[in-house]
Amino acid sequence: MNRKLLVLPALLGALAPVVTGCGSSGGGSGGGKPIVVGSTDSIELNKDNPAPLDPAAEYDADTWQVFYNTFQELLAYPRGSTTPSPDAAKECHYADSSGLVYQCTLRSGMEFSNGHPMTSQDVKFSVERVISLKATAGPSSLLSDVKSVETPSASVVVFHLKAADATFPAKLATPAAAIVDHQVYSATKTLTGWRVVGSGPYVLNSYSQDKQAVFTKNPHYKGIYKINNSAVTMKLYGDSNKMEDALKSGQLDVMTRELAPDQIQALQDNPPSGVKLTQVAGGESRYLFLNTKDGSLKNLAVRQAIAQLIDRQEITRDIYKRTDVPLYSIVPQGTTAHVNSFFDKYGDPSTSKARSILQKAGFTDKVPLTINFRRDLGGTAYKAEAQMIAKQLDASGLFDVKTEAEQWNVFLQAAAAGKYQVFAVDWLPDFPDPDNYVAPFLDKETFIPLPYQNKEIQDTILPETRQEAARSATADAFERAQQIVADDVPMIPLWQGNQYIVSRSDITGVEWAQSSTGTTQFWELGRGASE
């Protein structure tokens, strides 16, 4: 998934947004003309990705943007909160002291956007479907602790877990647990095409690839969110500069991901009249992953030498124009348990130290490597970043590096199949907890299957921390996990970034519209008086 400040709030989401330019922060109304939102998101329907809008099959920021606005989960996050609250459910709780049974009761009169009633059968069907389909690019790893699901009545659903998991309510608040209509979706295959049937705030009326998506307010929605507009049209751009031109000319009301670093810098320094830039904290982190079963990368010395050479300061200064900050751990700053484990071990970049590491391991020739990255979209700088890392490694005289780009779904499938030596992914959290920066990559079931396995993380750290209801009590264990990763180097943290959203001055609710997961919450956007 694609999904910051030098000091972020603990567990994210509590920092007041920073606004540059002019604008109103008052509330909007649910009526009026559609809010037009620009984005460089790219969701492709093709033979490699036939079901781009099925929540059982997709696990990335672009699709989850659609899912959060059209599907509903049992739990959701109220404005400004880092604790999930009932949404499709009216109440949820752990049903026994073991932490192995979690029970939810649905709100009465729940319906899908097509008018079909929603019952506990749909919840059970949805969760079991994600687990059984286990799609390559899907979110089944988030539900891997579910042992079974029961429905003692039409309104009550009971989850039996394989092991106690204090993060389970947070997982139920993600699109991994999006509730789908069992009369529409199949239990054995994904729903192909652009159709979406959910119970969230909006109905997806149409999706035209690389052009636009049209969302209208769902008349059947019952949940915790106040919807401040009647419709949202999302315009899709392959070039963030063209998106900015559309905003300045009045064709757009809002523009979101991805903005190029130089755009953000210019909007901060000299915002156009009637336009405001809002900066909010988020948990986006970017990592390099190293295939520990591939050629020379099997050797720990090679991986440690790479870690010794990466210059994050140069990357964030020259490529990202200081809109991102260097990251020295897999758990970002501002999240419980963060420590600068990579800086503590490797310090500043050093060719002499890297050479010594390799020489002690018997390496005398340059080590050939290929770095793969997702093809650039809109304002992303993946190519420039990969070329910068290759330049840093090559400049040491110790490596000979090539870079290659690929479209997202092909890239993700190849990474999951272990076809790459080194690849880069940016990660937006599913929920604000250190577990979600460790488990998706290092647990037994992961977002991207990695050849690296660590029994201490898998058998001790993750199971034991999930038994802790007080998440601050997990700090020592997660600090240990970060130290293990710095020692073994299956992945290298690069940077963490802020989130930015740009809007015209008559658009309200912008400061609340960007979630810590990197998605735009359309319901927060309204239309008020311009200044």
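Residues numbered from 1 in each chain as written. Predicted model: local features only at pLDDT ≥ 70, side-chain atom pairs only at ≥ 80, totals over all residues. Heavy atoms only, no water.

## Section: the state of the cysteines
Then, in step 1: The final tally for this structure, using the stated rule, is one disulfide.
Then, in step 2: A sulfur-sulfur distance of 2.1 Å marks the disulfide that ties Cys 92 to Cys 104. Where Cys 92 bonds to Cys 104 through sulfur, the torsion about that S-S bond is close to 115 degrees, and the disulfide is right-handed. In this pair, Cys 92 is assigned in strand β5 (residues 89-94) and Cys 104 in strand β6 (residues 101-106), connecting sequence segments 12 residues apart.
Then, in step 3: Using a relative accessible area of 17% as the deciding quantity, one classes Cys 92 as buried. (Disulfide = S-S within 2.5 Å. Helix = DSSP H or I, 4+ residues; strand = E, 2+ residues; numbered from the N terminus. Buried < 20%, exposed > 50% of the residue type's maximum accessible area, 1.4 Å probe, protein only.)

## Overview of the environment of Ile 330
Then, in step 1: When you line up the elements, Ile 330 lands in the loop between β14 (324-326) and α8 (341-346).
Then, in step 2: Separated by 10 residues in sequence, Ile 330 and Asn 340 place their C-alpha atoms 9.0 Å apart.
Then, in step 3: When residues no more than four places from it in sequence are discounted, the contact partners of Ile 330 are Tyr 287, Tyr 437, Val 438, Leu 442, Gln 482, Val 485, Met 491 and Pro 493. (Contact = heavy atoms within 4.5 Å.)

## Points about the sheet that holds β5
Then, in step 1: What the four strands build is an open sheet, ordered β5-β6-β8-β7; its pairing is antiparallel. One side of each edge strand has no neighbouring strand; the edge strands of this open sheet are β5 and β7 (146-153). On average, each strand axis in the sheet is inclined to that of its neighbour by 15 degrees, with strand direction left out of account.
Then, in step 2: Alignment of β7 against strand β8 (residues 156-161), held across five bridges, turns out to be antiparallel. In the sheet register, Val 146 faces β8, and the bridge partner there is Leu 161.
Then, in step 3: Sheet contacts for helix α2 (residues 120-133): β6, β7 and β8; angle to β7, the most-contacted strand, approximately 165 degrees. (Pairing = 2+ DSSP bridges. Axes fitted to C-alpha atoms, helices over the stretch in contact; angles between N-to-C directions.)

## Considering the confidence of the model for the protein chain
Parts of the prediction with low pLDDT should not have their coordinates interpreted in detail.
Then, in step 1: When pLDDT is averaged along the protein chain, the result is 91, and 93% of the positions lie at 70 or above.
Then, in step 2: pLDDT under 50 marks residues 1-30. Its contacts with residues more than four places away, or in other chains, come to 117 contacts. (pLDDT = per-residue confidence, 0-100.)

## Some details on α2
Then, in step 1: With 14 residues, α2 extends 20 Å from end C-alpha to end C-alpha; this agrees with the ideal 20 Å at 1.5 Å per step.
Then, in step 2: Looking at α2, one finds that the buried residues are Ser 120, Asp 122, Val 123, Phe 125, Ser 126, Val 127, Arg 129 and Val 130.
Then, in step 3: Contacts made by the buried residues of α2 are with β6, β7 and β8. (Expected span 1.5 Å × (residues − 1).)

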